[in-house]
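Results of the structural survey
So you can see what is in the structure, the chains are spelled out below.
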Amino acid sequence: MISIRRSRLALALGLVVAASVSPVSADQERPAAFSSAGVIETHVDLPAAYDGPPAPELPATSARDTEGRTTIRAVKLSAPLTLDGQLDEAIYRNITPISDFVQTEPVAGAPATERTEVWISFDTENVYISVRAFESQPDRMVVNEMRRDSDSLTQNENFGFSFDTFYDRRNSVNFNFNPIGGRNDGQNTNEGTWNGDWNPIWELAVRRGPDGWTAEAALPFKSLRYQDGTAQIWGVQLRRINRWKNEISFLSPVPNGVGTSGLSRTSRFATLVGIEAPGGSRMFDVKPYAIADVTRLAPRPRGRDVVGKDVGFDVKYGLTRGLTADVTYNTDFAQVESDEQQVNLTRFSLFFPEKRDFFLENQGLFLFGGVGTNGGDTPTLFYSRRIGLDGGQVIPLDLGGRVTGRVGAYSVGLMNIQTGDHSSGVPSTNFGLLRVKRDILRRSSVGMIATRRSHLSSGVPGTGETYGVDAAFGFFQNLTMQTFWARTVTPGLSGNDDSYRAQMNYSGDRYAVFAQRLAVGRNFNPEMGYLRRKDFTKNNVQLRFTPRPKRIPSVRKFHYQVTFNEFINDDGILESNDLEGEFRTEFASSDDIKFTYNRSFERLFDPFEISRGITVPRGDFDNTTLRTEITIGPQRKASGVFFLERGDFYGGDRTIYGYNTGRVKINAHLALEPGFSVNRVDLPVGAFTAKLMTTRLTYTITPQMFVSSLVQYNSSQNAVSTNARLRWEYRPGSELFVVYNEGRDTLSRGVPDLQNRSFIVKVNRLLRF
């Protein structure tokens, strides 16, 4: 630091002398400390309305005011960094790092107990994030996940960063990595709707040492969407997880109790200045693919092997820096992992998540009315699995295109896809979608959606259309409100064809209040959406009290929660209600125990078949159930949730026990994910047992290559299925897949009979221009 100050003083004296002779050129030599570090000193202009701390002067890179608002300065490089994770370039010696992280867990607002140093820099191609994470006890670090895009990555020692590239304080792109190269990424919409299936191109190098670990990440400008213009102002958040001590800290303080999700609280981000976007950085990607497969269509002796082959491509083009066009031809999704089986003992349909790449980028933009990606009673007006899938059959996608992104204060999504004919009788169908949202106030938005399907899923002639408007409001720190109104137009269905919702949610660390009114008409029929149930008005209230006991060090929180739900149909008749009380203890170790008591009433107007040969009659049913769950913390070698439930069930009784979200981490390369559930049901009309067993085994060779197998047994369907995959990202954005699928019928004697089998090889290549 002394040498830096002397160099700057000498420069200042030299400039005084030179000024008396001639003007100073922008091309003149920079201070020695900066030029030797490969740094180009630039001038930063902030908007007149900006009320945060001023841009720091190099070598400083961060400034924080008394209210916790932070301004971060990105450093411009004269040459690219060498990505090796060593942090031995001069910039790391001569430029002051970003530091002074603040805890959110376990002691909100306290300084982080382990020091973290971060540098944000850029050149004409990339934005760089460099990290030095000190560890006082490095031998205790929890590091056992190397696979890319693993959901359990945050259960390791972990560093995450997030950019709000449009500085809208609502949306962001998030990146996480651990000390052995495991990484994931995703998009955050409206401060909390997460899409972890977005996979941009970026590079990472990590190293472990005796005092912690270091990392360097390079994120190409072409992998990002951002505002027009050279000078950029972004939001930024940095997060450090010390999993061995269950501590979470952030650069910019976040509300108490948000935990790891603080990386998605965009309105609390620091301000990043100094970024200069390169000219001509507009994206143009072409990704052709080739596929070959062998499929057995039916069991022996009638079965035969069919050999197939195909080609297709995806094109991604940046219309502007914030608006992207996607075109797909002859799309194939053979590499996608099979759906996980579910046991359905209700009269409502199941929801399965989307896994196909084409529909995943900017998925959050198409969400409507505050509905997430997990289904539920609230209608999903656009459910992408309605396209290319019908009754479990794959329908060919001949051609599709979409435009998504930002135009000023507007978020825009436009999609049009044409599917082909299918031998089952499904006709060629066109799917159209328009989604527009506009930001208002500080953390609020209003929007609309319109969808159109050219052939109805029921087979009745005609088109199905859906229209809706929605709004989301964010006030203060923890208060949000959501509302929507929508209507469908379906031949043969008229009147009582709309849906609306009004919701209020206050979610603080200590207290929470949730209230909602949701209505779905009897003839509401979103042909491109998902509808779990209709013909109801739902009233829902939830209260939570979450104290943090200071005198019990082993306990982080107690959770007391009461929930009431009520469903009334369009004729004003009560269909069901339930009152649930929950007590949960969250331990400092991240283990958890929960007890739940539920009293419910359900009126069945029509009988329904709950299991093969067993039908629940119409009538009124009162049920009382008790449930216990024990969670073993996910940072342990063996983790998961054990559960036991016992209670009334449609005039009889039901016992449920099992183990889910299980994971046994053998080492950093090999992991086993077992799970099972058993439903023992005894009704006046009959008894049955439904069993579901799932095992996933994953061997990660490198962060870019892994082999996984998913074996599932479902007694309700008398089926056992196997899905095995090899995925190798042989260069950034280019992949090789080898997939084996098999389905067997367990009703046969001895070895289950083969029902179907396929072997698939697919390769794609990213061409970036």
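One structure accompanies this document, and this report is about it. (Residues numbered from 1 in each chain as written. Predicted model: local features only at pLDDT ≥ 70, side-chain atom pairs only at ≥ 80, totals over all residues. Heavy atoms only, no water.)

Structurally, S716 is set in the loop between β41 (705–714) and β42 (719–731). By relative accessible area, which is 38% here, S716 ends up partly exposed. Remark: the alpha-carbon pair of S716 and R612, spanning 104 residues in sequence, is separated by 7.9 Å. Setting aside its immediate chain neighbours within four residues, S716 contacts R612 and A690. (Helix = DSSP H or I, 4+ residues; strand = E, 2+ residues; numbered from the N terminus. Buried < 20%, exposed > 50% of the residue type's maximum accessible area, 1.4 Å probe, protein only. Contact = heavy atoms within 4.5 Å.)

Here we come to unusual backbone geometry. Among all residues except glycine, the phi angle is most often negative; among peptide bonds, the trans geometry is most common. Residues L58 and P59 are joined by a peptide bond in cis, for which omega reads 15°. With an omega dihedral of 0°, the bond running from E105 to P106 counts as a cis peptide bond. Backbone geometry places N246, a non-glycine residue, at a positive phi of 55°. Among the secondary structure elements, N246 is positioned in the loop between β14 (231–242) and β15 (247–250).

What follows deals with the side chain of E117. Mapped onto the secondary structure, E117 falls in strand β6 (residues 116–122). Judged by its relative accessible area of 12%, E117 is buried. Here R115 takes part through its side chain, which lies 3.0 Å from a polar atom of the side chain of E117. (Polar contact = N/O pair within 3.5 Å; in protein donor to acceptor, adjacent residues only side chain to side chain.)

Before going further, it helps to examine the pairing of strand β29 (residues 511–520). Here strand β28 (residues 498–507) runs beside β29; their pairing, made up of nine bridges, is antiparallel. Of the residues in β29, the one forming a bridge with M504 is A515. Linking two consecutive strands that pair antiparallel, namely β28 and β29, is a turn of three residues. Pairing of β29 with strand β30 (residues 536–545) involves ten bridges; the strand directions are antiparallel. Considered in β30, the bridge of A519 is made with T537. (Pairing = 2+ DSSP bridges.)

Quick look at the packing of aromatic side chains now. Counted according to the given criterion, the structure contains 30 aromatic pairs. Note on F177 and W202: the rings are 6.5 Å apart at their centroids and 50° apart in plane angle, and the pair reads as tilted. Of this pair, F177 sits in strand β9 (residues 172–177) while W202 sits in the loop between β11 (193–195) and β12 (203–209); the two residues are 25 residues apart in sequence, bridging distant segments of the chain. As far as burial versus exposure is concerned, F177 and W202 are alike and both buried. Cluster of aromatic residues (ring-pair linked, three or more members): F159, F161, F163, F175, F177, W198, W202, W213, F221, Y226 and W234. (Phe/Tyr/Trp six-rings, centres within 6.5 Å; stacked < 30°, edge-to-face > 60°.)

What follows is about the side chain of T419. Counting through the fold element by element, T419 comes out in strand β23 (residues 410–419). Under the relative-accessibility criterion, T419 is labelled buried at 2%. Those residues within four positions of T419 in sequence are excluded, and the remaining contacts are I387, G388, I395, P396, L397, D398, P427, S428, T429 and F431.

With that settled, the discussion passes to the nonpolar core. Membership of the largest hydrophobic core comes to 39 residues, with the highest contact counts inside it found for I120, F159 and F163. Contributions of two or more residues to this core are made by β6, β7 (126–134), β8 (158–164), β9, β13 (212–220), β14 and β16 (270–276). I120 has contacts with I72, R73, A74, V75, I98, V127, Y128, I129, V236 and L272, leaving out every residue within four places of it along the chain. L381, I417, L433 and F524 belong to the second-largest nonpolar core, a separate cluster that totals 22 residues. (Core = buried A, V, L, I, M, F, W, Y, C linked by side-chain atoms within 4.5 Å.)

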